[in-house]
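Per-entry structural report
Below, each chain spelled out in residue letters.
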Amino acid sequence: MEGPIPGQETMLTDTEPSNTVKLLHLVFLSTSWGMQLWVTFVAGFVMGSRLPRHTYGFIQHELFPYYFHIGSACAFLNLTLFAMYHPSETLSDEQTTQIIIFFVCVAASVLNTQWFGQATSDIVADMHLIERSHGLGQEVGLFTSQSCKQLRASNPSYRQLSGQLTLYHALSSLCNLCCIACNGWSLYYVAARLSAL
């Protein structure tokens, strides 16, 4: 006997997602996007401008693994839920774009979680050790102090770490901004399909 088993494809093609699945999708998407906006554009600038640099670095070192893992989990769950109810054989161009956006968000989140975010955090911790040995790190503000600039000029190890920090922080920030854009686009996609508020 050949052909599909009756009812086998029913869940993927004939069934509209339940309200619970829709709610979960919105919770994961809005949680991720809201968290990203808060951490990127509010908390980072407020803490960075009001706390001593080493305190700010320690807080980031402790919180960012949670931030990155929650973002990765939300991105993966959004992709999974969307893909479950949109089989590849029936995807429209808009749905294909949405799948690609979710996949890019997952990839950027995982890169940040596993490599760029962790490397940035580790480099900052190494720099703080060198700074502490020179009595630095308690200055408040986002910008590098004159003392740190002098340390970079006189200490090759610190200068090398500073260069690595610039690279990994830029890559981590790029992944983060990519996820913010993907989640913003996905929220627009959902909002455009709401029939009522």
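Everything discussed here concerns the structure shown above.
The structure reproduced in this document is the subject of the present report. These figures come from a predicted structure and were not determined experimentally. (Residues numbered from 1 in each chain as written. Predicted model: local features only at pLDDT ≥ 70, side-chain atom pairs only at ≥ 80, totals over all residues. Heavy atoms only, no water.)

**Here's the deal with helix H6 (residues 156-191)**
This is how the line gets drawn: A helix here means a DSSP run of H or I that spans at least four residues, while a strand means a run of E at least two residues long, and both kinds are numbered starting from the N terminus. Expected span of a helix, by definition, is 1.5 Å for each gap between consecutive residues, and there is one gap fewer than residues. Two N or O atoms count as a polar contact when they lie within 3.5 Å, although within protein this holds only if one can serve as hydrogen donor and the other as acceptor, and sequence-adjacent residues are included solely when both atoms are side-chain atoms.
Taking 1.5 Å per residue as the helical rise, H6 with its 36 residues ought to reach 52 Å, and the 52 Å between its terminal C-alpha atoms agrees with that figure. If you check the start of H6, you find a side-chain oxygen 3.0 Å away from the backbone N of Ser157, and it comes from Asn155.

**Thoughts on the nonpolar core**
Side chains that are nonpolar tend, in soluble globular proteins, to be buried together. Let me state the cut-off plainly: Only buried Ala, Val, Leu, Ile, Met, Phe, Trp, Tyr and Cys residues count toward a nonpolar core, and they belong to the same one when joined by side-chain atoms within 4.5 Å. Accessible area is worked out with a 1.4 Å probe on protein chains only. A residue is then buried under 20% of its type maximum, exposed over 50%, and partly exposed in between. A contact between two residues is defined here by any heavy atoms of the two lying within 4.5 Å.
One finds Leu79, Phe82, Phe102 and Cys105 to be the most contacted residues of the largest nonpolar core, which totals 16 residues. Contributions of two or more residues to this core are made by helix H3 (53-84), helix H4 (93-133) and H6. Considering every element that reaches this core, the biggest residue donor is H4, with 7 residues. Excluding anything up to four places from it in sequence, Cys105 contacts Ala75, Cys179, Cys182 and Asn183. Counting 8 residues, the second largest nonpolar core, distinct from the first, contains Leu136, Cys148, Leu151 and Tyr158.

**What about the packing of aromatic side chains?**
To keep things clear, this is the line we draw: Pairing of aromatic rings covers Phe, Tyr and the six-membered ring of Trp, with a centre-to-centre limit of 6.5 Å; geometry is then stacked below 30 degrees between planes, edge-to-face above 60, and tilted otherwise. Over a ring means this: the NZ of a Lys or the CZ of an Arg is within 6 Å of the ring centre and within 35 degrees of the ring normal.
Applying the stated criterion across every chain yields a total of 7 aromatic pairs. Plain terms: the ring middles of Phe64 and Phe68 are 5.4 Å apart, the flat faces sit at 70° to each other, and that makes the pair edge-to-face. Here Phe64 and its partner Phe68 are both found in helix H3, 4 residues apart, which amounts to about one turn of the helix. Seen from their ring centres, Phe116 and Tyr168 are 6.4 Å apart, and the 50° between their planes marks the pair as tilted. Taken as a pair, Phe116 in helix H4 and Tyr168 in helix H6 lie far apart in primary sequence, 52 residues in all. Each member of the aromatic cluster is reached from another via a ring pair, and the members are Phe64, Tyr67 and Phe68. Geometry around Tyr189 places Arg193 over its ring, the cationic atom sitting 3.6 Å from the centre.

**Re the packing of H4 against H6**
Rules: Axes here refer to lines fitted to C-alpha atoms; in helices the fit is confined to the stretch in contact. Angles between the N-to-C directions go from 0 to 180 degrees. Angles below 35 degrees are treated as roughly parallel, those above 145 as roughly antiparallel, those between 65 and 115 as roughly perpendicular, and all remaining angles as oblique. Two helices cross in a left-handed way if the nearer one is turned anticlockwise from the farther one by less than a right angle. They cross in a right-handed way if the turn is clockwise.
Here H4 crosses H6 at 155°, and the two axes come no closer than 7 Å. Considering their axes alone, H4 and H6 lie roughly antiparallel with respect to each other. Note that H4 runs across H6; the crossing there is left-handed.

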